[in-house]
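Summary of structural features
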Amino acid sequence: MPHERDGPLPSANPAARRAKGRLVNLLDGRRAEDVDRAARQLADGGLVAMPTETVYGLAARADDDRAVAAIYAAKGRPADHPLIVHVLDRSGAEHFADALGGDAGRLIDAFWPGPVTVIVRRAAGQADAAAARLGTIALRCPAHPVARALLTRCRELGVEGLAAPSANRFGGVSPTTAGHVRAEFGESMLVLDGGACELGIESSIVDCSRDAPVLLRPGVLTRDRLEDALGRALAEPGDDATAAPGTLDSHYAPAATLRLMAGEQLRQAIAMLPPSMSGLAVYSRTAPRRPWVRPMPDDARAVAHELYAVLREFDARGVKLIWVEQPPDTAEWEGVNDRLQRAAAP
Ligand code: AMP
Ligand code: MG
């Protein structure tokens, strides 16, 4: 941090003040004093964008309905769409849950800290706004070391849970770098930088509040790994499944129109096009090399990791149309396929 003993105070000079603002609101998650500053802002009821292993979250203390209201306002998210509350460990979760046995307990034992969110009955009066006043609450324990450092410091300051949806405007593409968050909310938002998110798509959400567990949103962990841990099959979502943003048909969408195409159809369409093109970007495993074709990795985890950055890059380039080759319809691609289908929905 530069010292200001000599020369004018930054506040005397708007450009210097802006430059300082850029620096001051971008915190380094590896530095204990930066984590402390973020934790204090959260404890005071403010917002902080934080890294997790899935995507960046826009966090507020879960026990403060006014702080949580600021998340909904910043995102433009409807207030009846509940948020995931992030906790340091099982004892943090017990604060918000009525009970954590059964299916939820098994998933917690198997996967926490990690990219699995459990929905359980909510402890009366806890995190009302974060849970959109439902009788249930979504809980997750992130594995990212910076998220854990932040939650540890928050606990020391008396904060047990952070409500944190993805740090983007409602319906858009989730951020996987600190730069993405800044592109969404500008330089006034306090961002704790933890590097690029390792997994890159949102957590699996399992509703454990019913008779049978239901996968509400697939993530990177495959269905069979969840079922192994549960010791039984996941049930299909019934008609009574809670309507919520992650389960809307259209979500996670770039500004450009995204079309999902089978490999054969995509290659035929590309064969008709000139080698140099503007307005179109293609993301494909099998298409021939062109300047406007971005190769898609063969591995589902590698695609999940880069997917949102790729979509943001296409948008930044100003393309109007994105063609994506449909990945295989297999278990390890379920999370990526789910996000692509929602991004392609009208
Ligand atoms: P996001 O915070 O955008 O990753 O989305 C959180 C998701 O968690 C929502 O899309 C809901 O599907 C789900 N969710 C959160 N809280 C609840 C709840 N109490 N009951 C059912 N689903 C929930
Ligand atoms: Mg989101």
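See the structure shown above.
Quick summary incoming for the structure in this document. (Residues numbered from 1 in each chain as written. Chains lettered and ligands numbered in written order. Predicted model: local features only at pLDDT ≥ 70, side-chain atom pairs only at ≥ 80, totals over all residues. Heavy atoms only, no water.)

A few words on the packing of helix α5 (residues 102-111) against helix α8 (residues 223-230). Across the interface, α5 lies against α8 with an axial gap of 8 Å and an inter-helix angle of 115°. Taken as a pair, α5 and α8 cross one another with a handedness that is right-handed. Between α5 and α8, the contacting residues are Asp103, Arg106, Leu107, Ala110 and Phe111 on the first element and Arg225, Leu226, Ala229 and Leu230 on the second. When grouped by side-chain class, the residues that make up the contact of α5 with α8 number six nonpolar, no polar and three charged. (Axes fitted to C-alpha atoms, helices over the stretch in contact; angles between N-to-C directions. Helix = DSSP H or I, 4+ residues; strand = E, 2+ residues; numbered from the N terminus. Left-handed = near helix turned anticlockwise from the far one by under 90°. Contact = heavy atoms within 4.5 Å. Nonpolar A, V, L, I, M, F, W, Y, C, P; charged D, E, K, R; others polar.)

Time to look at the sheet that holds strand β11 (residues 257-261). The strand order across the open sheet built from four strands is β11-β14-β12-β13, with neighbouring strands paired in parallel fashion. Each having just a single partner strand, β11 and β13 (293-295) make up the two edges of the open sheet. Ignoring which end each strand starts from, the neighbouring axes of this sheet average 20° apart. Where strand β12 (residues 280-284) lies against β13, three bridges are found, and the strand directions are parallel. Bridge pairing links Ser284 to Pro295 in β13. (Pairing = 2+ DSSP bridges.)

A word on the pairing of strand β10 (residues 214-217). Judged from the three bridges that link them, strand β9 (residues 204-207) and β10 form a sheet pairing that is antiparallel. In the sheet register, Asp207 faces β10, and the bridge partner there is Val214. The hairpin turn running from β9 into β10, its antiparallel successor, is six residues long.

What is shown is where atoms sit, not what they do.
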